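Observations on the model geometry
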Amino acid sequence: MNSLANTRMQVRLQLRRTGFELDVDLDLAGHGVTAVFGPSGSGKTSLLRAIAGLEPGAKGHVAIQDEIWQDDAQGLFVPVHRRALGYVFQDANLFPHLSVAQNMAFGLKRVAPQQRRAALDQIVALLGIGHLLQRQPDTLSGGERQRAAIARALATSPRILLLDEPLAALDAARKAQVMPYLEKLHSELDLPVLYVSHALDEVARLADHLVLLEAGRVSASGPASELLTRLDLPLAHGDTAAAVLSVRVLSHDPDDHLTRTGFAGGTLIVPQQAASIGQTLRIRVQARDVSLTLQKQSGTSILNILSVTVTALSPDSPGQLMVALDAGGCPLLTRITARSARLLGLAPGLALYAQIKGVAILG
Amino acid sequence: MPDLYWSAVTLTLKLASLTTLLLLLLGTPVAWWLARTRGWFKSTVGAMVALPLVLPPSVIGFYLLVTMGPGGPIGRMTEALGLGLLPFTFAGLLLGSMIYSLPFVVQPLQNAFETIGERPLEAAATLRASPLDTFFSVVLPLARPGYLSAAVMGFAHTVGEFGVVLMIGGNIPGRTRVLSVQIYDHVEALEYTQAHWLAAGMLLFSFAVLLALYTLIPTGRRRSGPAP
């Protein structure tokens, strides 16, 4: 469980309630987005609240970098209002009696001037809420409220941002409106983020690291790209199974509206992107969009063919196998029929070609 | 006669204003505690606060008279403090009014605090506000409708009190003779015209107060955002 590089946050917490027990021991990365993923009732929100100090019943040890927030062995508990954290609640939880600007000012003016690092105009621009500042929360849409809540949390210059399913209360269209802001947050702010979610697509888009929670216990934690494709975990099974790759933009082909990108496993041609050469893109390759051939095909409509090695096989739905592949050190998944696997003679170590029918650009 | 009128009116207004002010101050911590405590103790205190709603005013007045009298515990305390005895004084009326109107102030405040709930307090804590800071910067503004109705109800209820006043205040012109007692006196003396003037004034006043209350605090306002 200590596989994360640069571990900067220690969380060891127990919380007992009737019919539920949370018991976790985690070393979390001090940078990037760490997603806490699990089904409803697995204790994700309780864990986040306990880290913030909002669950008085939680016992254990919480430290961020050199700062100890809770250590019951020493009888130490820093009250929530003295912890340098930003917390975004599932339903925004803006103060209804204050405008958006006043909501932001609420936290800001309670932070000592020498500890203010966040530039307010930058936060407002980042979340695109400049036109909403004078509005009252009850006049905002769900997505706007959520953006205002994130801005309010950032205005306190937190050392960590805790997000409790910020998109869960939104419909698909609003989700799609807020997602780009979360991605910008990820790429433009140097701030560790703990992101609770039960939606795999959000995790695939945002997470660098992943903590899987099941019935109050951590079933796995580590780099997201690795955990998403580990066949012993539920994420790498079913229709939604997908690998996430970071690729670099190599060139554009405006005539065909395509962009050529590269990563350690080869090159991938994707629909044309408004990204500059050298920029990194995050793409998702779904298991159902990948097929296997023993020889490299010519005369096919498929543009993306990668040389890969089989690393593991695991039964998926009846008659289907999930196959983990390695492309230059990067994991990929494909779901094929058990019969195809038998005909191809698939076994760990076999080298062959993966044909990728389509990819999704995540940001 | 106008003199008698005016002394009764001013005395009533003074009594009601002071009662309301003191009850808002003292009722706030009680209501806050009631709104945020669970368990049997809460029910006990809640029931005690609500008692004046169901007790006949003469019962409250009677026990107040006994406890504030020369042999009663409050009476001995006030005498030891050199304050003398409270019955038939303005201070005694004030104490009686506060007990009589207590639920009318505490209950709206308690409702307001319960409606606010835990969530704004948690948001405030994550934004670096201490509990006391949160009370003044978040709870009080959000509870404003509750304070308005507590003030109006407490004031109006005190203006209308009769039984308690008669028991512990007696009927001393200029000192303890409030409007409701004055009306009673007029009726006793068969001075119906004078009684009408005062009674109609009270009626109009009470209606105006309630009208203001229902206009200023529309039901179902506040609470934005979807439920969690």
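Residues numbered from 1 in each chain as written. Chains lettered and ligands numbered in written order. Predicted model: local features only at pLDDT ≥ 70, side-chain atom pairs only at ≥ 80, totals over all residues.

1. Quick word on the overall build of chain B
Across its full length, chain B carries 11 helices and zero strands. Projecting the C-alpha coordinates of chain B onto the three principal axes gives extents of approximately 65 × 45 × 25 Å. When each of the 228 residues of chain B is scored for burial, the buried share is 34%. Within chain B, counting contacts between residues at least 6 apart in sequence, those at least 24 apart form 71% of the total. (Helix = DSSP H or I, 4+ residues; strand = E, 2+ residues; numbered from the N terminus. Buried ≥ 20, exposed ≤ 12 C-beta atoms within 10 Å, placed from the backbone. Contact = placed C-beta atoms within 7 Å.)

2. Quick notes on the overall build of chain A
Within chain A one finds eight helices and 21 strands. A compact globule built from 363 residues would reach a C-alpha radius of gyration of about 21 Å, and chain A, at 22 Å, matches this within 12%. The C-alpha extent of chain A, read off along each of the three principal axes, is 65 × 50 × 35 Å. Within chain A, buried positions represent 42% of all 363 residues. Within chain A, counting contacts between residues at least 6 apart in sequence, those at least 24 apart form 67% of the total. (Rg over C-alpha atoms; globule rule 2.2 N^0.38 Å.)

3. Structural notes on helix H6 (residues 119-126) of chain B
Among the residues making up H6 of chain B, those that are buried are Ala 123, Ala 124, Ala 125 and Thr 126 of chain B. Buried residues in H6 of chain B make contact with helix H1 (44-52) and strand S7 (85-88) of chain A together with helix H7 (131-142) of chain B. Note on H6 of chain B: the residue one or two positions beyond its end, Arg 128 of chain B, has a positive phi of about 75°.

4. So, the pairing of S7 of chain A
All names here are of chain A. Covered by surrounding structure in S7 are Leu 85 and Tyr 87 together with Gly 86 and Val 88, the residues of both alternating faces. As paired elements, S7 and strand S8 (residues 160-164) share four bridges and run parallel to each other. Bridge pairing in S8 links Tyr 87 to Leu 162. (Pairing = 2+ DSSP bridges.)

5. Describing the domain arrangement of chain A
All names here are of chain A. Split by domain assignment, chain A resolves into domain 1 (7-228) and domain 2 (242-361). Here domain 1 and domain 2 have C-alpha centroids that lie 33 Å from each other. At the interface, five residues of domain 1 touch five residues of domain 2. For the side of domain 1 that touches domain 2, the element with the highest residue contribution is helix H7 (residues 224-228), accounting for four residues. Looking at the side of domain 1 that touches domain 2, its residues break down into three nonpolar, one polar and one charged. (Domains from an automatic or database assignment. Nonpolar A, V, L, I, M, F, W, Y, C, P; charged D, E, K, R; others polar.)

6. A closer look at the pairing of S8 of chain A
All names here are of chain A. Across the five residues of S8, five count as buried, placing the element largely inside the fold. Going residue by residue along S8, you find Ile 160, Leu 162 and Asp 164 tucked away on one face and Leu 161 and Leu 163 tucked away on the opposite face as well. Note: S8 against strand S9 (residues 193-197), four bridges, orientation parallel. Across the sheet, Leu 162 pairs through a bridge with Leu 194, a residue of S9. In this region the chain leaves S8, passes through helix H5 (residues 172-188) and returns to the parallel neighbour S9; the handedness of that crossover is right-handed. (Right-handed = clockwise from strand over helix to strand, strands pointing away.)

7. What to know about the confidence of the model for chain A
For chain A, mean pLDDT is 90; residues scoring 70 or higher make up 98% of the total. This model gives residues 1-5 of chain A a pLDDT under 50, and the stretch forms 10 contacts once residues within four places in sequence are excluded. (pLDDT = per-residue confidence, 0-100.)

8. Structural notes on the interface of chain B and chain A
Where interface size is given, it is often the accessible area lost as the parts come together that is meant. Contacts between the two partners involve 18 residues from chain B, matched on the other side by 24 residues from chain A. Looking at the side of chain B that touches chain A, the elements that each hand over two or more residues are H6 and H7 of chain B. Here the element with the most residues in the side of chain B that touches chain A is H6 of chain B; it accounts for six residues. For the side of chain B that touches chain A, the per-class residue count stands at 10 nonpolar, four polar and four charged.

9. Here we look at the packing of helix H2 (residues 40-54) of chain B against helix H5 (residues 90-116) of chain B
Residues and elements named next belong to chain B. Between H2 and H5, the shortest axis-to-axis distance is 7 Å and the interhelical angle comes to 115°. Relative to H5, H2 is oriented roughly perpendicular. Considering only the axes of H2 and H5, their crossing is left-handed. In this structure, H2 contributes Val 49, Ala 50, Pro 52 and Leu 53 to the contact, and H5 contributes Ile 99, Tyr 100, Leu 102, Pro 103 and Val 106. Class assignment for the residues of the contact of H2 with H5 results in nine nonpolar, no polar and no charged. (Axes fitted to C-alpha atoms, helices over the stretch in contact; angles between N-to-C directions. Parallel < 35°, antiparallel > 145°, perpendicular 65-115°, else oblique. Left-handed = near helix turned anticlockwise from the far one by under 90°.)

10. Quick look at the nonpolar core
Residues and elements named next belong to chain A. Counting residues in hydrophobic clusters, the biggest one holds 153 residues, and the most contacted among them are Ala 35, Val 36, Ala 151, Leu 162, Tyr 195, Leu 332 and Leu 333. When residues are assigned to domains, this core turns out to be shared by domain 1 (7-228) and domain 2 (242-361), each giving three or more. If we ignore the near neighbours within four places in the chain, the residues touching Ala 151 are Met 104, Ile 123, Val 124, Leu 127 and Ile 129. (Core = buried A, V, L, I, M, F, W, Y, C linked by C-beta atoms within 7 Å.)

11. As for the sheet that holds strand S13 (residues 258-263) of chain A
Residue and element names in this part refer to chain A. Here we have five strands laid out as an open sheet, ordered S14-S13-S12-S15-S21, and antiparallel in their pairing. The open sheet has two edge strands, strand S14 (266-271) and strand S21 (360-361), and neither has a second partner. Where strand S12 (residues 242-253) lies against S13, five bridges are found, and the strand directions are antiparallel. In the sheet register, Arg 248 faces S13, and the bridge partner there is Gly 262.

12. What about the sheet that holds strand S17 (residues 304-315) of chain A?
Two orientations exist for strands paired in a sheet by backbone hydrogen bonds: parallel and antiparallel. All names here are of chain A. Ordered in space as S16-S20-S17-S18-S19, the five strands form an open sheet in which the pairing is antiparallel. Bordering the open sheet on either side are strand S16 (290-293) and strand S19 (330-337), each of which pairs with just one other strand. Direction aside, the axes of adjacent strands within the sheet are offset by 45° on average. Bridge count for strand S18 (residues 320-327) against S19 is eight bridges, and the pairing is antiparallel. Residue pairing in the sheet places Leu 321 in a bridge with Ile 336 of S19.

13. Some details on unusual backbone geometry
Residue and element names in this part refer to chain A. One non-glycine residue, Ser 157, lies in positive phi territory at about 50°. Structurally, Ser 157 can be placed in the loop between helix H4 (142-154) and S8. For Ser 157, a count of 18 C-beta atoms within 10 Å translates into the label partly exposed.

14. A look at the confidence of the model for chain B
Residues and elements named next belong to chain B. Within chain B, residue pLDDT values average 88, and 94% of them lie at 70 or more. Low pLDDT, under 50, characterises residues 220-228; the predicted model gives this stretch 11 contacts beyond four residues in sequence or across chains. Taken over the whole predicted complex, pTM reads 0.84, whereas the ipTM for its chain interfaces reads 0.84.

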